[in-house]
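Understanding the architecture of this molecule
So the chains spell out like this:
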Amino acid sequence: MPFLEVKDLIIGLKKRNIPLIDKVSFTLEKGEILGILGESGCGKSLTGFSLLRLFPSGVSYYSGKVLIDNIDLYSLSEKELSKIRGKKVAIILQDPLSSLNPVLTIGEQIAEVLKHHFNLNSKNRRERIYELLKEVGISEPEIRAKSYPHQLSGGLRQRAMIAMALAGEPELLVADEPTTALDLTLQIQILELLKDLNQKKSLTIVFISHDLGVVRWISDKIAVFYAGEIVEIASTEEVFNNPLHPYTQALIESYPREGKIRKILKGSPVNLLQKPSGCRYFERCENPCKEGKNIHPDLINAGKNHWVRCFKYGNVSVFGRN
Ligand SMILES: Nc1ncnc2c1ncn2[C@@H]1O[C@H](COP(=O)(O)OP(=O)(O)OP(=O)(O)O)[C@@H](O)[C@H]1O
Ligand SMILES: [Mg+2]
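Scope of this entry: the structure provided in the associated data block. (Residues numbered from 1 in each chain as written. Chains lettered and ligands numbered in written order. Predicted model: local features only at pLDDT ≥ 70, side-chain atom pairs only at ≥ 80, totals over all residues. Heavy atoms only, no water.)

As for the environment of glycine 292
Note the threshold: Put simply, DSSP H or I for four residues or longer makes a helix, DSSP E for two residues or longer makes a strand, and each gets a number counted from the N terminus.
Mapping glycine 292 onto the fold places it in the loop between helix H11 (246-254) and strand S11 (300-301). Placed 19 residues apart in sequence, glycine 292 and phenylalanine 311 show a C-alpha to C-alpha distance of 7.2 Å.

Below, the structure written as structure tokens:
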């Protein structure tokens, strides 16, 4: 039984029947890191938030399952959900200012999480706050705990947000572009911190980024998204050594190496409100197959736990579209 199982998840617009995330499925073992790659608007964040059953306004759940440690997230009551969120699964975001409360100190915010999930007396709670701040590499925790978010530098704010996310002792952490806004040195420090937490605590992580290099470094496996669906999923090694989907190949080709961009990804992403009925990558594909014009390809097994949504690697049953 995998630790996280997402099965045929469809998330879409509330008022119109338009899926934005389409039949997304993947599994993750405890302590594994899944990288989610794809260009802007392909559905990375919606997928990440759906693992906490959180949606931006105008977006809602249509169907499918999310099982975290065998807990069926979408069958829980609001009350049960509030015990899971923050405790079993937590999220960190690109911009800590949007998830930290500006009128509470860092210590007070972490205390809120601790009060919600644990029954500690105030002395033990204070000790735990210092411990959490130290754990994320914040020195002088007694002083920092009294700071307001705006009094901290960008790197410290990011660490404070991670401490808050860790306060509930989650087993699954969704990290949505957690380092994109940071300069390179801070970016590396935060990535190392996440990897360290993953190794020391067997923290399972879903790591969202559009940066191939970062995802390659941190992830055990990678899901490549295109226009709201997974087009390829495999181990990190497989994705980089043997990319099968033309979109994955184009992403890798367009990643700057030795200061040079080898190839620029042509065309623009599909408008999710007007998705083609056939292969969603058809218009941009350098070598499109004729089936792709009208038929939507399934995600098929191309060996070694390597799945790809492309007619070049196998046949599709027109009836069993995925
Ligand atoms: N509140 C909303 N109302 C309507 N459409 C939305 C809403 N939030 C997201 N979408 C649409 O859903 C799609 C996926 O959005 P999402 O935020 O998951 O993309 P993303 O891959 O995280 O992009 P980025 O790399 O820019 O963060 C986008 O096409 C977006 O326009
Ligand atoms: Mg996003």
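Some points on the packing of aromatic side chains
Short version of the rule: The criterion for an aromatic pair is that two Phe, Tyr or Trp rings (for Trp, the six-membered ring) have centres within 6.5 Å, with stacked assigned to planes under 30 degrees apart, edge-to-face to planes over 60 apart and tilted to the rest. Note on exposure labels: buried denotes an accessible area under 20% of the residue type's maximum, exposed denotes more than 50%, and partly exposed covers the range between, all computed with a 1.4 Å probe on protein chains only. Charges are assigned to positions over rings by a cutoff of 6 Å between ring centre and Lys NZ or Arg CZ, combined with an angular limit of 35 degrees from the ring normal.
All chains considered together, the criterion is met by five aromatic pairs. Ring centres of tyrosine 226 and tyrosine 281 lie 5.1 Å apart, and the angle between their planes is 85 degrees; this geometry places the pair in the edge-to-face category. Taken as a pair, tyrosine 226 in strand S9 (residues 221-226) and tyrosine 281 in the loop between H11 and S11 lie far apart in primary sequence, 55 residues in all. Judged by relative accessible area, which is 2%, tyrosine 226 ranks as buried. Residue classification places tyrosine 281 among the buried residues on the basis of a relative accessible area of 4%. Put simply, the rings of Phe55, Tyr61 and Tyr74 touch in pairs and so form one group of aromatic residues. For lysine 195, the ring lying beneath its charged end belongs to tryptophan 217, and the centroid distance is 5.7 Å.

Description of the sheet that holds strand S1 (residues 4-13)
Keep this limit in mind: A pair of strands is labelled paired if DSSP reports no fewer than 2 bridges between them.
The strand order across the open sheet formed by four strands is S2-S1-S4-S5, and the pairing between neighbours is antiparallel. Every interior strand has two partners, whereas the edge strands, strand S2 (19-28) and strand S5 (71-72), have only one. Two elements, S1 and S2, share six bridges in a ladder whose sense is antiparallel. Bridging across to S2, leucine 4 finds its partner in leucine 28.

Some thoughts on the pattern of salt bridges
Let me state the cut-off plainly: Any Lys or Arg side-chain nitrogen located within 4 Å of an Asp or Glu carboxyl oxygen qualifies as a salt bridge.
Enumeration over the complete set of coordinates arrives at 15 salt bridges. Its salt-bridge partner being lysine 7, residue aspartate 8 comes within 3.9 Å of it at the nearest N-O pair. The salt bridge involving glutamate 229 is made with arginine 309; its shortest N-O contact spans 3.8 Å. Of this pair, glutamate 229 sits in strand S10 (residues 229-235) while arginine 309 sits in the segment after strand S12 (307-308); the two residues are 80 residues apart in sequence, bridging distant segments of the chain. Exposure class is identical for glutamate 229 and arginine 309. Each is buried. Within the structure, one salt-bridge network assembled from shared partners comprises Asp22, Glu229, Arg280 and Arg309.

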